[in-house]
Structures are given as C-alpha cells and as structure tokens.
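Below, each chain spelled out in residue letters.
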Amino acid sequence: LDRSSSGSIQVKDIVANASFIQLECPRLLEQYGRIAHGGVVKNQDVRRLLLGLLDGPLAPGQSEGRGGAKAAKMPEDQLSDVFSRLKDADGTIGVKALVAHRAYVMRAFPALINDFEAIDVDGDSKVTWDELKVFYGGTAEWLEHELEAIVGLEELKSQVRAFHRSVLLDRSRRSLGHAVQGMAKAPHMIFQGSPGTGKTSLARIMARLLHRVGVTASPELREVQRPELVAEHVGQTGPKTQGVLDAAKAGVLFIDEAYRLTAAESKNDFGREAVETLMAAMNDPLGKAPVMIFAGYTADMADFMRANEGLYRRIGYAFDFSDYSPEELAQIFEQLTRGRGFQLEP
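A brief report on the enclosed structure follows.

What counts and what doesn't
- Residues numbered from 1 in each chain as written.
- Predicted model: local features only at pLDDT ≥ 70, side-chain atom pairs only at ≥ 80, totals over all residues.
- Heavy atoms only, no water.
- Helix = DSSP H or I, 4+ residues; strand = E, 2+ residues; numbered from the N terminus.
- Buried < 20%, exposed > 50% of the residue type's maximum accessible area, 1.4 Å probe, protein only.
- Contact = heavy atoms within 4.5 Å.
- Areas by Shrake-Rupley, 256 points an atom, 1.4 Å probe, with all protein chains shown as cover.
- Salt bridge = Lys/Arg side-chain N within 4 Å of Asp/Glu carboxyl O.
- Phe/Tyr/Trp six-rings, centres within 6.5 Å; stacked < 30°, edge-to-face > 60°.
- Lys NZ or Arg CZ within 6 Å of the ring centre and 35° of its normal.
- Expected span 1.5 Å × (residues − 1).
- Arc of directions from axis to C-beta.

**As for the overall build of the protein chain**
For the protein chain, the count of helices and strands is 20 helices and seven strands. Counting across all 346 residues of the protein chain, residues that qualify as buried make up 44%. A separation of at least 24 residues holds for 66% of the contacts in the protein chain among residues at least 6 apart in sequence. By element, 51% of the accessible surface of the protein chain is carried by carbon and sulfur atoms, the whole surface being about 18500 Å².

**Section: the pattern of salt bridges**
In the structure shown here, the tally under the stated rule is eight salt bridges. Ionic pairing is found between R306 and D303, a salt bridge with its closest N-O pair at 2.4 Å. Taken together, the positions of R306 and D303, both in helix α18 (residues 298–306) and three residues apart, correspond to about one turn of that helix. Looking at R306, the relative accessible area reads 53%, which means it is exposed. Since its relative accessible area comes to 41%, D303 is described here as partly exposed. Its salt-bridge partner being R338, residue E334 comes within 3.3 Å of it at the nearest N-O pair. Note that E334 and R338 are positioned in helix α20 (residues 326–339) at a spacing of four residues, about one turn of the helix.

**So, the packing of aromatic side chains**
Within this structure, the stated rule accounts for eight aromatic pairs. Aromatic pair F191 and F321: ring centres 5.1 Å apart, planes at 50°, arrangement tilted. You can see F191 sitting in strand β3 (residues 189–193) and its partner F321 sitting in strand β7 (residues 317–321), a full 130 residues away along the chain. In terms of burial, F191 and F321 fall into one category: buried. Taken together, the aromatic side chains of F163, F191, F254, Y317, F319 and F321 make up a single cluster linked through ring pairs. Stacked on the ring of Y104, the Lys or Arg R85 has its end atom at 3.8 Å from the ring centre.

**Quick look at the side chain of T197**
Assignment of secondary structure puts T197 in the loop between β3 and α13 (199–212). For T197, the residues in contact, after removing those within four places along its chain, are L153, F321, S322, D323 and Y324.

**Considerations on helix α15 (residues 237–248)**
Relative to the 16 Å expected for 12 residues at 1.5 Å per residue, α15 spans 17 Å between its end C-alpha atoms, a close match to the ideal helical length. Those residues of α15 lying buried are T237, G238, T241, V244, L245 and A248. One side of α15 holds all its buried residues, which, seen down the axis, span an arc of 130°. Of the exposed residues in α15, the ones pointing more than 90 degrees away from its buried face are P239 and A247. Structurally, α15 contributes buried residues whose contacts are with β4 (221–224), α14 (226–229), β5 (252–255), α17 (271–282) and β6 (291–296).

Dropping the structure here:
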C-alpha cells in the first residue's frame, strides 16, 4: 500500500486498494479509524494490528517504543538460531514470517516486532542477518554499521567515533564519582559545512546514538529552521521557541541554517530572541531540554557563534563536513540509482 515509501498509509491508499484490502486484510478497514492519527497510519502500527498487538494490553516485556532503543544483548549462537528459524527463502526476515511465527516471536524475541523499523537499517521491510547482529550487538558495532553506509567523510567519521568514546568515558567517570570538566550539561554541538554533505543524515544517527548510550530518553530528532522558531510580532518569539523546545525535550533538536537567526541587522528582528531562549534552555538538565545541534555553512556558523559569546560556553562539540570529491559524488549517484531499481549503462 505504501508505494511512495513514505513510511505510512493514507486514506487515498486505502480507497485505491479497497478490493485488495477487503480480501487480504479486512481488519485494517475495520480498525483504521482507531489506529490512524490525522488520517495517516504508520507502517509499524499496521504491522502491530496484523499481529494482534493492538487488541488489548501489552504482554510483559513488550513496549510501545521503537526506533533505536538498546536491546538486551543475546549470545550470537542463540541469535543465529532465532534468525534461522524465522528467515524466508531469500535469507531475510519479513512480516510474513513474523505473522506465521507470532507466538514464538512474542515469547522469545518480542523486540524483533517492537523495534522492527530500527533493526531494518536500509528500510526495505526485511531484516538481514547483519542488521539483526548489529542491532543486538554493542553500540560501537551499531555505530560502525551506520557510518559504513555513508560515502566519504572519513575525517568526520573519526570525529564521531571520538565523540562516542568521549561520551562513554565521561559517563563512566561520573558513575565512579569523579568530576568531569570541559563539557556542558548536555553535549550540544555544531554541524558546519556545505549544503548536501549529510548534516541532517548524521543528525539522525547522532540522535539514535545519544539514545543508545543513555544520554537522551528518546531517539527522536526534531528538525526546525528559523520560521519554526521566530514569530512576527513582539512577545511571540520566546513562547514559540519554548514550545519547540518542549516538544523536543526528550531527544535532539536540529536547528538547520541556524545562522539565519542572527543574520538580520535590524534591531527589530526577533531571531536573537529565539537564540536567547535556546541558550537559556541549554542550561537546563537533559529531559527538561533537548540536546541541540546547530547546522549551517562553515563561515556563517562562525559568525553565528560570534553573535553571542554565551554560545561558546554551551556548545562543546563541532563537526566538520567536507565537500565530496567527484569520485564520491559518482558513488553516491550510483547508489541512489540502484536503490531506485535502475542500472547505469557502462
């Protein structure tokens, strides 16, 4: 039904495929109003409906959450046995196998259903052995799997690995009662580089990474730009920005083109009020405010930081996104082409 690969089903999809649904999945028609939000049903909710997980209270150990939570580690031989039992003829685990073995999965491995979207890294609605092994391994293995999918940006990848090690070390030292210096209350950061170099994609990885290591309560990333933060009239920008902060407080807030908040020279511009509201929230403990990522061009982000000296004290990490080489651009183009079912002629 989700032919646009949007991750959800809309009413128009239901209407266009009504005969098929009445034959193959009448429960979706019966329960659509119950599981839809704003007329849209997410794919994971359809899966949970088909598996009978929305019929009553959750079984012990189940969770409504999804999207990157760290699962309990399982010995690889036991994981291999589960995969061998569930895999289809093509060597992957799909929804059909989950439905056929629902009782077994919910007893032995409920996270395979609850976290299916997080395990399915490439988004093809199938779980491979590598995806399953990475997800149920350690965070370091998961991070390497994510970084391997990114073309180029080797220096940036090294920065991300160093950041991961730093966060783990700081948390370990704190747990032992040591004072940790040099990092703000939250690991706020800057992403700087040309457009199209993967800043938003890495922000999504970073949001899941921070959740996996226990820094944030949610793996969700909220993406905003100036219009979502700045209002048109006096006294409205602060509350508007605070509303965005409250909505994102459990995860990561990604402010794209952040330099636009301070670029206007007019004293009547309200962008600086938004920055002041963000800065005030950066002093709050995690959970009350999100981790914040400010992104933009390298030169413009330098101007943004100079616009308010308080930003230097609150932002502890800067990640540099270099431009792609012609060879890397060709590799990206080839991957996108193959991903859409096409093939380049020699």
